[in-house]
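Here is what each chain is made of, one letter per residue.
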Amino acid sequence: MTANPSPAAREAFGPAAFQLVLLRRMADFQPGLAEEARHRLGASLAQQREANKRWQAMVRSPRSRGALARYRSVLGPPESTGSRTIGDLTCEALLWPVPLWPGLRFEVLAAPDGAVWNEWLVRAPGARSPVLESPEDLLPWSATVDEVARAFAPVRPMEGTAPTRWRLAFTASGRACVAEFTYGLLQEVSVRADTA
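Reading guide: rules and limits
- Residues numbered from 1 in each chain as written.
- Predicted model: local features only at pLDDT ≥ 70, side-chain atom pairs only at ≥ 80, totals over all residues.
- Heavy atoms only, no water.
- Helix = DSSP H or I, 4+ residues; strand = E, 2+ residues; numbered from the N terminus.
- Rg over C-alpha atoms; globule rule 2.2 N^0.38 Å.
- Buried < 20%, exposed > 50% of the residue type's maximum accessible area, 1.4 Å probe, protein only.
- Areas by Shrake-Rupley, 256 points an atom, 1.4 Å probe, with all protein chains shown as cover.
- Lys, Arg positive; Asp, Glu negative; His and termini not counted.
- Charge placed at Lys NZ, Arg CZ, Asp CG, Glu CD.
- Polar contact = N/O pair within 3.5 Å; in protein donor to acceptor, adjacent residues only side chain to side chain.
- Pairing = 2+ DSSP bridges.
- Axes fitted to C-alpha atoms, helices over the stretch in contact; angles between N-to-C directions.
- Salt bridge = Lys/Arg side-chain N within 4 Å of Asp/Glu carboxyl O.
- Arc of directions from axis to C-beta.
- Contact = heavy atoms within 4.5 Å.
- Phe/Tyr/Trp six-rings, centres within 6.5 Å; stacked < 30°, edge-to-face > 60°.

A look at the overall build of the chain
A count of helical and extended segments in the chain gives six helices and eight strands. Order of helices (α) and strands (β) in the chain, N terminus to C terminus: α-α-α-α-α-β-β-β-β-α-β-β-β-β. Its C-alpha atoms give the chain a radius of gyration of 18 Å, near enough to 16 Å, the size a compact globule of 196 residues would have. The principal-axis extents of the C-alpha atoms in the chain amount to approximately 60 × 50 × 30 Å. Residues classed as buried in the chain amount to 42% of the 196 residues present. Carbon together with sulfur atoms contributes 53% to the accessible area of the chain, which is approximately 10600 Å² in total. With 23 positive and 20 negative side-chain charges, the chain shows a spacing of 7 Å between the two charge centroids.

Here it is, written out as structure tokens:
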């Protein structure tokens, strides 16, 4: 008996398949949430593995046209673009919707020469940010890197354990915390006992 292919499987490599790639990395921290989201996309584990395999092949291809061209071909035209100043340089910020997270956008920051500097999930313009006051507010998938950095400033960026991961160290409610992010979305927080 053969099941009908899901929308994620039927399309060429597009937004649904790209979301499966995001979920593949997030499953390292939050397997339950990632599995629920994969089911919402109507995709099997095999389809997710295939999407990840195809994405890795595109990234590593010697004929690759570059990261920005890859995102445009996979995600289509960006929902919005704008300028962002980082230090002395101005770059282009491109935003795409991600249906799994309606309040977020996938942001790509590109240098004037087209090189991609950063690629991650950010809060959608106009969407409400979460209220973050204590470590207990830091629920998986509830906040972005920027939101946690603003809420618990000053923070100390730490090296991530993979290219798509970020870590922030900070103090909240008198406790030392380290927040782990994948593609810019909060995955988990480790909290040490109160420092008295």
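What about the side chain of arginine 165?
Locating arginine 165 in the fold gives a position in strand E6 (residues 165-172). The buried category is assigned to arginine 165, whose relative accessible area is 15%. Of the polar contacts made by the side chain of arginine 165, one reaches the side chain of aspartate 28; its length is 2.5 Å. Among the polar contacts made by the side chain of arginine 165, one reaches the side chain of threonine 161 at a distance of 2.8 Å.

Notes on the sheet that holds strand E4 (residues 116-123)
Read across the open sheet, the four strands follow the order E1-E2-E3-E4; overall the sheet is antiparallel. Each edge of the open sheet carries a strand with a single partner, namely strand E1 (80-86) and E4. On average, each strand axis in the sheet is tilted by 30 degrees relative to the strand beside it, whichever way the strands run. Across six bridges, strand E2 (residues 89-97) lies against strand E3 (residues 104-110) in antiparallel orientation.

Examining the pattern of salt bridges
Scanning the entire structure with this criterion turns up eight salt bridges. For glutamate 79, the salt bridge identified is with arginine 105, shortest N-O distance 2.6 Å. Taken together, the residues span a long stretch of sequence, with glutamate 79 in the loop between helix H5 (67-75) and E1 and arginine 105 in strand E3 at a distance of 26 residues. The exposure class of glutamate 79 is partly exposed, given its relative accessible area of 44%. Salt bridges sharing partners connect three or more residues here, namely Arg25, Asp28 and Arg165.

A closer look at the pairing of E1
Bridging between E1 and E2 involves seven bridges; their strand directions are antiparallel. Pairing of serine 83 across the sheet is with glutamate 92, part of E2.

Observations concerning H5
Within H5, the full set of buried residues consists of Leu68, Arg70, Tyr71, Val74 and Leu75. Each buried residue of H5 lies within a common arc of 160 degrees when the element is viewed along its axis, so the set occupies one face. On its buried side, H5 packs onto helix H2 (15-26), helix H4 (45-60), E2, E3 and E4. Downstream of H5 by a residue or two, glycine 76 has a phi angle that is positive, lying close to 80 degrees.

Topic: the packing of aromatic side chains
Here the structure, examined in full by the defined rule, presents 11 aromatic pairs. Their ring planes at 85 degrees and their centres at 5.9 Å tell us that phenylalanine 18 and tyrosine 71 sit as a pair that is edge-to-face. Highlighted residues: phenylalanine 18 in helix H2 and tyrosine 71 in helix H5, separated in sequence by 53 residues. In terms of burial, phenylalanine 18 and tyrosine 71 fall into one category: buried. Their ring planes at 50 degrees and their centres at 5.1 Å tell us that tryptophan 120 and tryptophan 166 sit as a pair that is tilted. Here tryptophan 166 lies in strand E6 and tryptophan 120 lies in strand E4, a separation of 46 residues in the sequence. A relative accessible area of 21% means that tryptophan 166 is categorised as partly exposed.

Distances and angles like these do not, on their own, reveal function.
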